[in-house]
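# Topology and contacts: notes
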Amino acid sequence: MTAGDTSARNLAHTGSLSRRMMLIAAGWIVILLSLGGFALDRTLTGLVSRNFDEQLENVMNAMIASAEIGPDGEVFFNRPLGDQRFLEPNSGRYWLVTGQGHENFPSRSLWDRSLELKHDHFDKAAHLYDNFQYPDEPLRVIERSVILPDSGTRWKFAVAASREDLDQQISRIRSILIWSFLVLGLGLFLMAVLQTWYGLGPLRRVRLAIQHLRATGQNRLTEPLPLEVQPLVQELNALLAHSEKQAEEARTHAGNLAHALKTPLTVVMNAATAKAPDLSDTVIREAAVMRRQVDHHLARARAVGRRAVGLSRASVSESAEAVLRAVTRLYEKTRFDLDGNRSAEVAIERQDLDEILGNLIENAAKYGGGSVFVTIDPTAEPDWCEIWVEDDGLGIPEEERTRIFDRGARLDTSKPGTGLGLAIVRDVAEIYGGSVTLEESEDLGGLLVKLRLPRAAKPA
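Residue positions are given per chain, counting from 1 as you read along its sequence in written order. Under the rules for a predicted model, residues below a pLDDT of 70 receive no local features and side-chain atom pairs below 80 are neither given nor counted, while totals for whole chains, interfaces and linings still include all residues. Calculated side-chain values reflect all of the structure's heavy atoms, with hydrogen atoms and water omitted.

Right, let's talk about the sheet that holds strand S5 (residues 127–131) for a bit. Here, strands pair whenever DSSP counts at least two bridges between them. In this description a helix means any DSSP run of H or I spanning at least four residues, a strand means any run of E spanning at least two, and both kinds are numbered starting from the N terminus. With respect to topology, five strands assemble into an open sheet ordered S4-S3-S7-S6-S5, the strand pairing being antiparallel. Only two strands of the sheet have a single neighbouring strand rather than two, namely strand S4 (105–106) and S5. Here strand S6 (residues 139–147) runs beside strand S7 (residues 154–162); their pairing, made up of nine bridges, is antiparallel. Each bridged residue has a counterpart across the sheet, and for arginine 144 the counterpart in S7 is phenylalanine 157. Docked against the sheet, helix H2 (residues 17–66) engages strand S3 (93–99), S5, S6 and S7, running at close to 145° with respect to S7. The strands that helix H3 (residues 163–199) touches are S3, S5, S6 and S7; relative to S7, the one it contacts most, it runs at about 45°. In what follows, residue pairs with any heavy atoms lying within 4.5 Å of each other are defined as contacts. Angles here are taken between N-to-C directions and fall from 0 to 180 degrees, while the axes themselves are lines fitted to C-alpha atoms, restricted in helices to the stretch in contact.

Turning to the environment of threonine 266, a few remarks are in order. Looking at where threonine 266 falls in the secondary structure, it is placed in helix H5 (residues 230–273). Once the C-alpha coordinates of threonine 266 and glutamate 286 are considered, the two residues, 20 residues apart in sequence, prove to be 9.7 Å apart.

Attention now moves to the pattern of salt bridges. For side chains bearing opposite charge, pairing can occur when the charged atoms are close. For this analysis, a salt bridge means a side-chain nitrogen from Lys or Arg found within 4 Å of a carboxyl oxygen belonging to Asp or Glu. Evaluation of the coordinates by the stated rule reveals 19 salt bridges. Its salt-bridge partner being arginine 163, residue aspartate 167 comes within 3.1 Å of it at the nearest N-O pair. In this pair, aspartate 167 and arginine 163 are both assigned in helix H3, four residues apart and thus about one turn of the helix distant. Aspartate 167 sits in the partly exposed class, given a relative accessible area of 32%. A salt bridge links arginine 452 to glutamate 386; its shortest N-O distance comes to 3.4 Å. One end of the pair, arginine 452, is in strand S14 (residues 447–454); the other, glutamate 386, is in strand S12 (residues 384–391), and 66 residues separate them in sequence. According to the relative accessible area criterion, arginine 452 is partly exposed, its value standing at 22%. The exposure class of glutamate 386 is buried, given its relative accessible area of 10%. Shared partners join several salt bridges into a network, and the residues in it are Asp53, Asp130, Arg140, Arg163 and Asp167. Exposure classes here rest on a 1.4 Å probe applied to the protein chains alone. A residue is buried below 20% of its type maximum, exposed above 50%, and partly exposed in between.

Once that is clear, we can look at the pairing of strand S13 (residues 435–440). Bridge analysis of S13 against S14 gives six bridges, and the strand direction is antiparallel. Its bridge partner lying in S14, glutamate 439 is registered against leucine 448. Where S13 hands over to S14, the hairpin turn is made up of six residues, of which glycine 445 adopts a positive phi near 85°.

Let us look at the pairing of S7. Look at any regular strand and the pattern is simple: side chains alternate between the two faces of the sheet. The buried fraction of S7 amounts to eight of the nine residues, a majority that puts the element mostly inside the structure. Sheet analysis places S3 next to S7, joined by seven bridges and oriented antiparallel. Looking at S7, one finds that tyrosine 94 is bridged to alanine 160. Between S6 and S7, which pair antiparallel and follow one another directly, the connecting turn spans six residues, one of which, aspartate 150, has a positive phi of 65°.

A few words now on helix H4 (residues 201–216). Between its first and last C-alpha, H4 extends 22 Å over 16 residues, near the 22 Å set by a 1.5 Å rise per residue. Three or more residues of H4 are buried, namely Gly201, Pro202, Val206, Ala209 and Leu213. Axial view of H4: buried residues confined to an arc of 140°, hence all on one face. Exposed side chains of H4 directed beyond 90 degrees from the buried face belong to Arg207, Leu208, Arg214 and Ala215. A helix is expected to span 1.5 Å multiplied by its residue count minus one. What the arc describes is the spread of directions from the helix axis to the C-beta atoms.

Right, let's get into the confidence of the model for the protein chain. pLDDT measures how confident the predictor is about each residue, on a scale from 0 to 100. For the protein chain, mean pLDDT is 82; residues scoring 70 or higher make up 85% of the total. Scored below 50 in pLDDT, residues 407–419 shows 31 contacts in the model against residues more than four places distant or in partner chains.

Attention now moves to the nonpolar core. We call a set of buried Ala, Val, Leu, Ile, Met, Phe, Trp, Tyr and Cys residues a nonpolar core when their side-chain atoms join them within 4.5 Å. By size, the foremost hydrophobic cluster in this structure holds 39 residues, and its most contacted members are Leu353, Ile361 and Leu451. Listing elements by their share of this core, those giving two or more residues are helix H7 (316–330), strand S9 (335–340), helix H8 (350–367), strand S11 (371–376), S12, helix H9 (421–431), S13 and S14. Among the elements that line this core, the one with the most residues is H8, at seven residues. Among residues more than four places away in sequence, those in contact with leucine 451 are Ile356, Leu357, Leu360, Cys385, Glu386, Ile387, Ala429, Ser435 and Val436. In this structure, Phe86, Leu148, Val159 and Leu166 belong to the second largest nonpolar core, which totals 24 residues.

As C-alpha cells, this is what we get:
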C-alpha cells in the first residue's frame, strides 16, 4: 500500500456516493411498488369479488323469475336451475327460500343443514354479506325479500356459495402480484445499480486521470469528460495552474535571493581571505545589503502566501490613515491630505496594503517639497480601485521611470534608503494582480504614483 492510498483512507468523508444513490433508488422502488401493488391488489380483488357476487345475484334473479305459489301456498320453481351443484350435497352452492308461516324450501345441496336468515327486515334490493355459521365453510350470501303474485307472504330468497373458490382466486392473484413485483423490483434495483456504476464512471476516470498526472508529472487534465464533470475539471486545472505558478514563484524567489546574496558573500570572502584591514567595515556594509535583500524577498513571500488564502479584503481609507499617522511623526513639517472614496475596499491583505502605502507615502514625504496628497478611488472603476499618491518634489524624468523599479535603483543618493521601496510596491501589487505607474502630478508638479488594485467583491 502506498502512502497516497494510506492518506486517502485517513481522510474524513461523508459516506459513499454510490451507496447513497442506490439506497435512494431502493427506497423509491420499495415505496412506489408497494403503493402500486396495493392499488393493483385492491383493483383486481375487487373485480374478482364483484364477478363472484354478480354470479350469485344472477342465480337469485333466476330463482325469483321461476318462483310460483302452489295450491297449498308453498313456493315452487317452474323450471330447475341450471347449476348442478345445487343438487349435490355439500357442494358449496346453496339456495333457500323462507317465509313466515311456511316451511323452508332449501336446495338439495344443503342436505340436512340450513341457512340462518333474519326475517326482521325487508330487503327490497339484493343484500350481500359473509356468513360464518359453518366454521369449516365460510359462505358468501346474497338475499332479497320478495312478495310473489297471489301471495301475501314476504318470501326471502337467499343464495350462498362457499368462499373457498373466491379466496383461492384472490390468493392466486396476490401470489402472481407478489412474485411479479419482486422480480420487477429486483430488476429496477439492478438497473439502478448499473446506472449508478455507469453514471459515476466519469468520476472514476477523473481519479485515474489524477493518478496519471501524479505518475507522469503532467500539469493539466485533457481527457474528454461529460459536461457535468467539466466544471470540476476546470477548477482542478485552475488549481494545478495556481500551484504551478506558486512553485515557479518560489523557485524564482529562491534563485533571486541566491543571486542577490552571492555578490555580498563573495566580497566578504575575498576580504576575509586577503585579511583586509577594513574587514569589519566590509562585513557590516555587505551584511546590510544582504539584510535588505532578505527583507525584500520575505515581503514577496509573505504576500504570495497570504494571496493563496483567498478572499482577501482591506479598507483603503483605514490603511492610509494608519500609515499617515505613522509617517506624520517622522515628517512633522510635511502637509498630508487624504481625500476620496472612504468606503473603497480592495482584494488584498491589510498588512500588504499597509506596506505598499507606507513605501509610497514615505517616499513622497522624503523626496517631496513638503506636501503630499493621497486620493482614494478617483476613477471609480467597477473592477479596479486606484490610489494616487502625489508630491511637490522634483519628480522623476520619464526615461527613468522604468529603471526606478529595479531593486536597489536610486536617483537621489543624498538621502538614506535601500532602493527597494518601489520594487517591493511593484512586486506585491503584481502578486495581487495590480500594477503601479509613475506620472507627473498636475496639481503639485511633482511625482504622481498611480497604484491600481482589484476591487474587493461585494459581500453576498
